[in-house]
Structure formats: C-alpha cells, structure tokens
Amino acid sequence: MRVPVSTYRLQINTEFDLFEAARRLPYLHDLGVDWVYLSPLLAAEPGSDHGYDVVAHDRVDASRGGAEGLAALSAEARRLGMGVLVDIVPNHVGVATPVESAWWWDVLRLGRDSAYAPAFDVDWAAGDGRLRVPVVGDDDLGPDGRIAHLAVVDGELRYHDNRFPIAPGTADDGADADTVHGRQHYELVGWRTADDRLNYRRFFAVNTLAGIRVEEPRVFEESHAEIRRWFDEGLVDGLRVDHPDGLRDPKRYLDDLARLTGGAYVLVEKILEPGEELPTSWATAGTTGYDALAHIDRVLTDPAGQEPLDALEAKLRGTPVDWHEMIHGTKRDVADGILQAETRRIVREVLVALDGREADEEALRDAVAELLACFPVYRSYLPEGREHLDAAFASARRHRPDLAATLDLLEPVLADPDAEPAKRFQQTSGMVMAKGVEDCAFYRYSRLTSLNEVGGDPSVFAIPVDEFHEQMARRQAEWPHAMTTQSTHDTKRGEDVRARLTALAEVPDAWASALERLLELAPVPDPVFGSLLWQAVLGAWPAAPDPDLRDRLHGYAEKAMREAGDHTTWTAPDQAYEDAVRAAVDAALDDAGVGTVLTGLLDEVAGAGWSNALAAKLVGLTVPGVPDVYQGSELWEQSLVDPDNRRPVDFDDRIDRLGAIREGASTPLTDTADDPGTAKLRVVRAALTLRRERPDLFASYSPVPATGAAADHVLAFDRGGAVTVATRLPIGLAARGGWGDTALGLPEGRWRDVVSDRVVTAADGRLPLAEVLADLSVALLVREDS
C-alpha cells in the first residue's frame, strides 16, 4: 500500500475544475506536498459547489472536468511523483432534482418493482406502499389535501420547477394532476412531513440526500463502478470515505472497499469523542484528523482561563451551564423534532422484533428518543462498542426512571447485533449527535468558541503538555498513517480564527470587559449569542481591509443564530431578533465606538494569535500522522463556517510568495499587520519539504524536556531526528519577560532551524530557547551532521 507523506485538499467545482487543479500541482509540489487530495468528483446535482450530492456513480462530473480532467490531473501528478487521494460519498445520493438521478427517478416511476428499489432504504409499509416526497410548501397544500400548482406536462408531473415521473399507463397530458398524483408510487407531501412521517433514510435531516444501501452487493458494485475504474487504470491512489457512520455495517463496507481497490490507502471521516477508540478491525489507515485537531488546540489553551471564562458564561446566562446536560437537551429536541421520523422507524422495527409481546408504542418512541439523547458517542459497531450502549441505557434510566420498564424491554433488542432495530439505531445515533451538538449546541455555547470544533468536546478546556505527548506517542504506535488536520471544509472556524480566540484564555478579564462594552454599544437580545458573535468578528477581523467582510459576517451570523435554534430558526425566522443581530454586525464596521473597542482587543490578542497559529501549524504538520493542508491555509486562514471556508483561493499570490522564498529574497521572517502570512508559508514549506525528503527523521516520537522558569511555555518533541519547538501561552511568556535561561534538553552540537535557516548550538545538553526562537515563535530543528 502506498502511503502519503502529506496531502493538500482542493475543492473541485465548476470554477476550479480538474484541469485547473492539474495546472496548480507544480505549486503544490514546490510547497512540499506529497499527494493532492480532491473533494468528491462523481456527477453531482447541477450547480453543486461541494459534490456531496452525487446523482450518478458511473462518471466524473462533467462540470468538474469529467474523465478527461481526472486523467489530466493524474498524469501531471505522476509526472511530479505525487499521489492522488479522492473523497467518496457511499452513504447517500442527491435527489433534489429527480430527473438527474436515474436510480431515484426509476424508483419514483416504478415503486417497489424498480430494479433500483433495493438500493434505497425505504419503509414502503409506512407510506402505504408509496414513497413520501416532502416538497410541498405550506401555501400550496389545501385543507382537502389538494396541491396547488400541480400539473401534468410532457408526460411528467410538475410542481413548480420540480419534475417527477408518471407510472406507465397512468396519464396523458392534460389529465387531472391530482388524480394522476393519486396513482403514483410516490406521494408529494408537505415539507414539514419530513420531521415525523418521512419513510426513507436520508443524510442527517437533509431531505434531498437519500441514503443508499451499499451493504447490498449489487448496490456496492454499481455505486463503485467509476471508483473501480480509477484504480484499475491507476488514476487514483487512495480514498477518503465520507460519513461511514451512516452505513449499515462500516467494517464490512471497508472490507469490500479494500477488495475493490487492492488494499489502497483509505481514511474515514470518523469523529471520535474523548476517550473513544477507532475500531482496529477496520480496513483503514485512520481518521481524517479531527481528533488530532482537538488535542493541538487544547495544548495551546491556557488552563488558567477556564475559571474566569466559566464565570463569564454563567453571568451572561444568569446561571451556570452544564455542557453535557445542554447537549442532552439539544439531542432530545432533534430526536423528537427533525429526526422524529427516524425515531419512529426504529420503534416500528422494535415492534416487529418483539413479535407480539405487549408494548406501548408511544412509550417506546419516548424511550428510543431518550436513548438517542443519552448516547455518549456518535455510534457503536456491535458487538464492538457495547459499553457505549450500556452507558446510554444507564443514563436514560437516571434521566427517566418512569421509562424503566420500557427500557428493560428495549435493551435486549438494541443490544443484539443481528437485530434490525439495533442496526437501525446505530445508523441513527450519529445523526442525532451531529444535528444536536455540531449543528446546534456549538452555536449556543460561547465560553471559548475556539473549542467548539468538529471532533472536539467544548467542555474539555485544555490539556497539559504531558497528556499531549502521551496521545501523540499512542498515535505513533497505533495510527501512524492517520490524517492530521487544522482546517477542513467542515470546520466551524478556520485555524487562524481559532488561534486568535485561543489567546482570550490568557486575557479573560480583558475579553470580559470588551464584551461588556460591545454589548452596550451594539445590543444583541441574547448576550450569550452576542459573545459567540463577537468572538467570530474578532477572529475573522483581517489585517488589511476586506471588501467582503460585511457579507461574510452577515452570512455567518445568520447561519449561527438559526442553527442555534433557540431564538430563530431556518423554518421560522424571528425578524426582530435577526435584525438586532445584523445591526450588531454592521456596528462592527460602521460604529466608531465599537471600532475602538475592537481595535483595543485586537491589540491585546493579535500578536498572540499569530504566535498560536504558527505553533498549531507546525505542530500539526509534524506530529505523527499524514498532515493535510486545507486549500489556501498555507497563508492566514481566517474563514468562518461553510460556505465561507470554500471561497476561491488566490494561488497566483501564493506562487509569487513561494517563488520569492525559494529564490532567497529578503522576505520578512515575522509578519506585519500589512503582510500577514509570509512566516506561515515558510513554516508550511519547511515542514512539508523536510517530511517528504527526509522521512527517516519522522519515524518515532518522544518528548523533548525543557528546564527553566518559562518551561511551561514550550511544546517540543523529537520525531526521530526532526525536533519541533513551539511557543505556547505567548501572552504569559511576554509578561514574565521572555525565555530567560529556559533551555531545551538536546544533545550538544549544531542544530539548524529549517524554517529560518539559522544555526544554533547546544552545549552541555542545553539549547537556549532565546536563541532557538529569536526570529519566530516556532522552529523545526535538525542536526547539522544528520
């Protein structure tokens, strides 16, 4: 199996297609990248900018470059000695435009008689033999069930711009649309029906992404036909599997994938909760790196900030907050609300499994929803992970003792790995976790939002250096080829936004004072959301004017407050609340008083944010694993949640900057307010190039000790010859007067920092940090004679 040394993620779309990506590969190679890592390529919904809404599995999306584009990119990668990693989507397909999805169209036309009916996870009995399609708007659904704007046109059923097939022999043009509708294998229903009466599995709560059953051999083969061709023709070297938790049997799927690819390098987009382990039985090199991201962010966070920031959160709320109780509530809301249809399907299957034993259906629904709310991780993989199910039952019994008898009835059914309800429950628990935590609670909890990141537990505030070393040593021993990452297309805040916000933990009083003043000058109805909003403004505030900043912040604020869902929602927006939030955003750019407060706060944390950003970047690029650089993040990455983080990247600027560095131009080692990013580009190039050219220097992991008064402010480790040195808690370091006599314990001799190209000397087993970090907050050292 060929394994990458590093990857660089590119978002492939109409504006940046495979041909354009191929044209940029020489830059990536010069940067030190080993493999290019591509977003989904299969044919997707028309106009899709992300590719996760696949509509056809037999071809590369023409708008993304088609087969010719992939061939061109692969050829260029081979010329440069680079590999190709591609993101694939086995869990679901896009059905927003039925005519584009041949499988879905055929099922709508022929129902259970369709050859593709087994491909979709449909509970036909729950729909009286019809597939429910939730597309009808409130204003178009009459009290008598008639649907306005429904018509038969050109042999199709039309509802506004939506096109649907007509079963053979049921209608001619001009036929009564309602009569025709009543004779189909599907039923167009109100969009709100999806919450509790939908009868097909979907991706989370997205009605236009229908789950497919890759556990069926024929479905696997047909949905991987094009992927098989990539490997048969040597076009692709590895895969990233999107959302494996949605699959019926992830282990079996990965085994099938290994057979198809000949045992190629495969990563899984799996989120691990603190203390959770990835099943070692899976045919994968590891996760896509959210676990590493969480550790890196927390080792750079000042633990002394936890108590005052807890107090600030309690003051804003008027009461202390328990994170785990909060997410129990948000998950329960999801299980009772937008995913109630999935909860009810589990119950229907439980009733079948009980085989006539007496059970109250509503009590079962209540108990299943409670178990989903109590589940401590995304999902279990029975018989592995039984302890998570046991924990959920124990928690459910504590929360709801009135459900004890029903829980006793459920337990043997949901614990049986071969039982249909257990399989269904496992596919559903991750959906509830994602919607209740990532897409809701993360926007309600404002204590320190750099910690509100995918794959992280915001209640875990910081970790000590020793624990970080223990985690990385385990990673080296158990998952040396898993991915590490700092930013992805799914992160809630770009890596350098988080780095700046991390600095607030060092100045909690200054933050509390500034926030109080900001909330006075630009009131937000909910001060907790105000805290989250002002942290986003602070983190994204650019060094130079950004003409798009207002629109970007408005977009973030709308998504954040509607995802939070406690004052306004996507489906029932509160105009007054949203207007107040938008006014606060405008005040950030228009109000001189607000600007003064922001400027003062930026003066407190901007320098520390740059230091933290370099530290996080170098650590992320050099810890055990395969480091990924998300597109554009070799310079400052101050984007917010998608779609902000999918904006076009100015590669020409990056090429010019890298060229100047390679040619030895006198580019500054430190960053200025007018030109941030040069130092980060140096760090990325140095680390990636060293890893690619000298993999022998990254074959092990051991902590490097520090002695002296400022020893707590350095994170250092030896990867087997390459030594990473990174500053942590930079505000506290400056307050104590710098490094002083603090030194690293390294063998005597000459050491070269490959970032700055400076040479420093260790004597008597001590390397003074004042010399090592004289230019930057980080260094990557190698012995001069190595």
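Source: prediction; values computed, not measured.

What follows deals with the sheet that holds strand β20 (residues 706-707). Strands sit in the order β20-β23-β26 across an open sheet of three strands; the sheet is antiparallel. One side of each edge strand has no neighbouring strand; the edge strands of this open sheet are β20 and β26 (767-768). With two bridges joining them, strand β23 (residues 743-744) and β26 adopt antiparallel strand pairing. Bridging from a neighbouring strand, L744 pairs with L767 of β26.

Quick look at the sheet that holds strand β10 (residues 162-164) now. Pairing within the open sheet is antiparallel, and its three strands lie in the order β8-β9-β10. Each of the sheet's edge strands pairs with one partner strand only, and the pair in question is β8 (150-153) and β10. The sheet shows a mean angle of 30° between the axes of neighbouring strands, taken without regard to direction. Taken together, the three bridges between strand β9 (residues 156-159) and β10 define a ladder with antiparallel strand orientation. Considered in β10, the bridge of Y159 is made with N162.

A word on helix α9 (residues 290-299). Burial analysis of α9 places 10 of its 10 residues in the buried class, the great majority of the element. Turning to α9, its buried residues number three or more, namely Y290, D291, A292, L293, A294, H295, I296, D297, R298 and V299. Buried residues belonging to α9 abut β16 (286-287), α17 (465-478), β17 (483-484), α18 (495-502), α23 (592-622) and β21 (714-718).

Moving on, we come to the pattern of salt bridges. For the structure shown, the criterion picks out 80 salt bridges. R517 is paired through a salt bridge with E520; the nearest N and O atoms lie 3.0 Å apart. With a gap of three residues between them, R517 and E520 both fall in helix α19 (residues 508-521), about one helical turn apart. E520 gets classed as partly exposed once you look at its relative accessible area, which sits at 47%.

In this section: the nonpolar core. Judged by nonpolar contacts, the single largest core of 125 residues is most densely connected at W230 and F468. If you tally residues by element for this core, the top one is helix α25 (residues 678-693), at eight residues. When sequence neighbours within four positions are dropped, the list of residues in contact with F468 reads H295, I296, V299, I463, V619, V623, Y701, L715 and F717.

With respect to the helices and strands, Q476 occurs in helix α17. The spatial distance from the C-alpha of Q476 to the C-alpha of R64 is 37 Å, given a sequence separation of 412 residues. Those residues in contact with Q476 that lie beyond four places of it in its chain are P624, A699, S700, Y701 and R719. Engagement of the side chain of Q476 in a polar contact is seen with the backbone oxygen of A699, the distance being 3.1 Å.

Further remarks concern the layout of surface pockets. Gaps between atoms show up when a probe of the same size as a water molecule is rolled over them. Here the largest pocket defines a volume of roughly 1,800 Å³. Around the largest pocket, the lining is made up of 50 residues, and of these F204, V206, K435, D439 and E563 lie nearest the centre. Secondary-structure elements contributing two or more residues to the lining of the largest pocket are α5 (194-197), β12 (202-203), β13 (206-211), α11 (323-336), α16 (420-438) and α21 (549-564). Its residues assigned to classes, the lining of the largest pocket shows 19 nonpolar, 12 polar and 19 charged. Computed from the structure, the second largest pocket encloses a volume of approximately 760 Å³. Together, 29 residues line the second largest pocket, and D546, W636, Q638, R647 and R654 are the ones closest to its centre. Considering each element in turn, the lining of the second largest pocket owes the most residues, three residues, to helix α24 (residues 651-662).

Of all the positions in helix α15 (residues 404-414), only T406, L407, L410, V413 and L414 are classed as buried. The arc that holds the buried residues of α15, viewed along the axis, is 120°, so those residues lie on one side. Residues of α15 that are exposed and angled more than 90 degrees away from the buried face: A405 and P412. On its buried face, α15 is in contact with α12 (340-354), α13 (361-374), α14 (386-399) and α16.

Viewed as axis vectors pointing N to C, α12 and α15 meet at an angle of 85°, and their least axial separation amounts to 11 Å. Between α12 and α15, the angle falls in the class roughly perpendicular. Facing V350, A353 and L354 of α12, the residues of α15 in contact are L409, L410, V413 and L414.

With that settled, consider the pairing of strand β24 (residues 749-753). The pairing of β24 with strand β25 (residues 759-762) spans four bridges and is classified as antiparallel. Opposite R752, over in β25, you have V759 as the bridge partner. Hairpin remark: β24 followed by β25, antiparallel, with five residues in the connecting loop; positive phi at D757, about 70°. The sheet contact formed by β24 and strand β27 (residues 778-783) spans three bridges and is antiparallel. Bridge assignment links D753 to a residue of β27, and that residue is L781.

What follows covers the packing of aromatic side chains. Under the counting rule described, the total for this entry stands at 17 aromatic pairs. Between the aromatic rings of W323 and F442, the centroid separation amounts to 6.1 Å while the plane-to-plane angle is 25°, which identifies the pairing as stacked. Separated by 119 residues along the polypeptide, W323 in helix α11 and F442 in the loop between α16 and α17 bring together distant segments of the chain. Per residue, the accessibility class of W323 equals that of F442, and both read buried. Among the aromatic side chains, those forming a connected cluster through ring pairs are Y8, F16, Y27 and F651. Over the aromatic face of Y37 sits the side chain of R9, whose NZ or CZ is 4.8 Å from the ring centroid. The lysine or arginine in question, R218, covers the ring of Y116, its NZ or CZ lying 5.2 Å from the ring centre.

Tracing the backbone shows S429 in helix α16. Judged by relative accessible area, which is 1%, S429 ranks as buried. Note: C-alpha distance between S429 and D138 (291 residues apart in sequence) is 30 Å.

Basis of the calculations
Residues numbered from 1 in each chain as written. Predicted model: local features only at pLDDT ≥ 70, side-chain atom pairs only at ≥ 80, totals over all residues. Heavy atoms only, no water. Pairing = 2+ DSSP bridges. Helix = DSSP H or I, 4+ residues; strand = E, 2+ residues; numbered from the N terminus. Axes fitted to C-alpha atoms, helices over the stretch in contact; angles between N-to-C directions. Buried < 20%, exposed > 50% of the residue type's maximum accessible area, 1.4 Å probe, protein only. Contact = heavy atoms within 4.5 Å. Salt bridge = Lys/Arg side-chain N within 4 Å of Asp/Glu carboxyl O. Core = buried A, V, L, I, M, F, W, Y, C linked by side-chain atoms within 4.5 Å. Polar contact = N/O pair within 3.5 Å; in protein donor to acceptor, adjacent residues only side chain to side chain. 1 Å grid on protein atoms, 1.4 Å probe; cavity = no way out; pocket = protein on both sides within 12 Å on 5 of 7 lines; lining within 4 Å. Points joined across faces, edges and corners; volume = space filled by probe spheres on them. Nonpolar A, V, L, I, M, F, W, Y, C, P; charged D, E, K, R; others polar. Arc of directions from axis to C-beta. Parallel < 35°, antiparallel > 145°, perpendicular 65-115°, else oblique. Phe/Tyr/Trp six-rings, centres within 6.5 Å; stacked < 30°, edge-to-face > 60°. Lys NZ or Arg CZ within 6 Å of the ring centre and 35° of its normal.

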